[in-house]
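Listed below are the residues making up each chain.
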Amino acid sequence: YSAEQMQRMIYGEENIQNKKKELIRYNGIIQKNCYRLIRMIENMIDITEVDAGQHRMSLKRHDIVKLVGEVAWATSKHIEERNIQLHFHSDLENKVIACDAEKIERILLNLLSNAVKFTPAGGRIQVGITETENSILLNVKDTGIGIPFEMKECVFDRFVKVDKSISRLREGSGIGLAIVKAFVTLHKGKIEIVTQEGQGSNFIIELPSDLIPCEIEGISCE
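Residues numbered from 1 in each chain as written. Predicted model: local features only at pLDDT ≥ 70, side-chain atom pairs only at ≥ 80, totals over all residues. Heavy atoms only, no water.

Caption draft 1: Structural detail: the packing of aromatic side chains. Within this structure, the stated rule accounts for one aromatic pair. Consider the rings of Phe156 and Phe203, whose centres lie 6.1 Å apart with planes at 80°: the pair is edge-to-face. One end of the pair, Phe156, is in the loop between strand E5 (135-142) and helix H5 (164-167); the other, Phe203, is in strand E7 (residues 201-208), with 47 residues separating them in the sequence. With respect to class, Phe156 is no different from Phe203; both count as buried. (Phe/Tyr/Trp six-rings, centres within 6.5 Å; stacked < 30°, edge-to-face > 60°. Helix = DSSP H or I, 4+ residues; strand = E, 2+ residues; numbered from the N terminus. Buried < 20%, exposed > 50% of the residue type's maximum accessible area, 1.4 Å probe, protein only.)

The following block contains the structure:
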């Protein structure tokens, strides 16, 4: 709103033609915060639907390696603009599993957003894919501030922030990780976190690599 007010002030000036760079900068601020609000609203709607048992899955055959790689590539420019390195690595060239592509994307975006939020400039984020006998492991690892031991068990609870004094300086509603866990659970998967305060965090997601039966209520398979 402050950026919009500044724009209106510039529009009232006589030499508006010389203010193009300022207008572009304020427009960028407005756009960034619109996206932030959209993410927050989507998360609020999703968590409400999950609680009510009304959130539906749409399982289809997707190459999980390609899907994760595309999300990493799409976010790389934004992350690198924060002077943070992003690396994507997969032990597999391709792997088709039954999953909801939109929810996998939301899972990754929330984890990457969380990693960027708490990783200082000059840090590094790694996105990786490995395979076990019956599952696919996705991990998002950062070199950020890490999570205090006493907070580790509650990071997936809604409206919980790891460090309130630090979180006040960053955007976030405290439900991003709750959404991640909810969507992983809907995939019949598991999520865990390996972390140490001051030494970063590693979120590890285990997804079943077989085809999920179509007869599960609320799921359509193709």
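Let us keep going from here.
Caption draft 2: A look at a nonpolar patch on the surface. Together, Leu37, Met40, Ile41, Met44 and Ile45 line one region of the surface with nonpolar side chains, adding up to about 430 Å² of accessible area. Examined against the element boundaries, Met40 turns out to sit in helix H2 (residues 20-51). (Patch = residues over 30% accessible without salt bridge, like charges linked within 9 Å, V, L, I, M, F, W, Y side chains within 5 Å. Areas by Shrake-Rupley, 256 points an atom, 1.4 Å probe, with all protein chains shown as cover. Salt bridge = Lys/Arg side-chain N within 4 Å of Asp/Glu carboxyl O.)

Caption draft 3: Local environment of the pairing of E5. For E5, the tally of buried residues reaches six of eight residues, placing the bulk of the element in the interior. For strand E4 (residues 124-131) and E5, the ladder comprises seven bridges, and the chain directions are antiparallel. In the strand pairing of E5, Ile125 is matched with Asp142. In this antiparallel pair of consecutive strands, E4 and E5, the connection spans three residues. In this structure, E5 lies alongside E7, joined through seven bridges in antiparallel fashion. Note that in E7 the partner of Asn139 across the bridge is Ile204. (Pairing = 2+ DSSP bridges.)

Caption draft 4: Summary view of the pairing of E7. Burial analysis of E7 places seven of its eight residues in the buried class, the great majority of the element. Pairing analysis gives six bridges linking strand E6 (residues 190-195) to E7, with the strands arranged antiparallel. Bridging from a neighbouring strand, Glu192 pairs with Ile204 of E7. The hairpin formed by E6 and E7 contains five residues between the paired strands, and Gly198 there has a positive phi angle of roughly 85°.

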